[in-house]
Amino acid sequence: MKKLESSLLNMVLVLTGVAVVMGVILAYMNYLTSEPIAQQEKQALVDGIRIVMGGRQVQAGDKPDTIIAQTDTVKGKTLYYAIYNVKDSVGNAIGVAVQDTVNGFGGPLVVLTGFDNEGNILGYKILKQTETPGLGAKAEQWFQEGQKGCIIGLRPTADSLLAVTKQKPQNDKEVQAITASTITSRAFLLAVNNAYKAYRLSQGTCCTEQPAECRKPCCQQPDSIPQSESKKVEP
């Protein structure tokens, strides 16, 4: 067999052929894995809804009943909030689960928050995070029931949303920050507060025929973390 002549053209042809073959292989592997991954994500969402609604048996789909779009007041981007209406095992409405995304210390923080029909927080589940292990990553447990920063059972109101404090909370609107992870804590509570605003909007209790209601904190457009608080340094 004649040896392939070494030339620029031949090298380009060989490299192009290798690239095409590798592209076909990668596309085929993506085809094989895309469906299982999608199914896993759907199941994780359904399981997450059950968890954030207090761990009870519930009826909820893997697709949102409502999607609320709001303009980020700082960056001008459109933010989307997925609202899942949740019923108990016999079909009674017990509240909603809201999924939203904010920027954490390490990247996107995707949070699912459950509210009952009165707006009380039933639970939360972090669906995606890239926070620092041992610091910001503690958010998955830090704000759960029985923990220092517990938000379960708290109820944001029209006049007062939840706020981070580095000290021991003085009232039911203050939440103790994760030790050495204030930025992550603020990002997490931002997600919860924004979820509450979206919940209120989904219930039709904001900005309808009461202009004064629109000026209350819970009815304002969801916010983002100010630039001064988005630096990659944990205080």
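Values in this document were obtained by computation on a predicted structure and should not be read as measured data.

Residues apart from glycine generally show negative phi values, whereas peptide bonds are mostly found in trans. Look at Ala180: it is not a glycine, yet its phi comes out positive at around 65°. Its place among the elements puts Ala180 in the loop between strand E8 (174-176) and helix H3 (182-202).

What follows covers the pairing of strand E4 (residues 93-103). Pairing of strand E3 (residues 78-88) with E4, which is carried by 6 bridges, proceeds in the antiparallel orientation. Among the inter-strand pairings, Asn85 is bridged to a residue of E4, identified as Val96. Linking E3 back to E4 in an antiparallel pair, the connection comprises 4 residues, with Gly91 at a positive phi of about 95°. Between E4 and the antiparallel strand that follows it, strand E5 (residues 108-116), lie 4 residues; Gly107 among them carries a positive phi value of about 150°.

Within the element layout of this structure, Thr184 appears in helix H3. A relative accessible area of 0% places Thr184 in the buried class.

Another point: the nonpolar core. Of all hydrophobic cores here, the largest spans 33 residues; its most connected members are Val98, Phe115, Phe143, Ile151, Leu162 and Phe188. Among the elements of the structure, E3, E4, E5, strand E6 (121-128), helix H2 (139-142) and H3 are those that each provide at least two residues to this core. In terms of residue count, the dominant contributor to this core is H3 (10 residues). With residues up to four places along the chain from it excluded, the contact list for Leu162 reads Ile121, Ile151, Leu154, Pro156, Asp172, Lys173, Val175, Leu189, Val192 and Asn193. Grouped together as the second largest cluster of nonpolar side chains are 10 residues, Val52, Tyr84, Val86 and Ala97 included.

Reading guide: rules and limits
- Residues numbered from 1 in each chain as written.
- Predicted model: local features only at pLDDT ≥ 70, side-chain atom pairs only at ≥ 80, totals over all residues.
- Heavy atoms only, no water.
- Helix = DSSP H or I, 4+ residues; strand = E, 2+ residues; numbered from the N terminus.
- Pairing = 2+ DSSP bridges.
- Buried < 20%, exposed > 50% of the residue type's maximum accessible area, 1.4 Å probe, protein only.
- Core = buried A, V, L, I, M, F, W, Y, C linked by side-chain atoms within 4.5 Å.
- Contact = heavy atoms within 4.5 Å.

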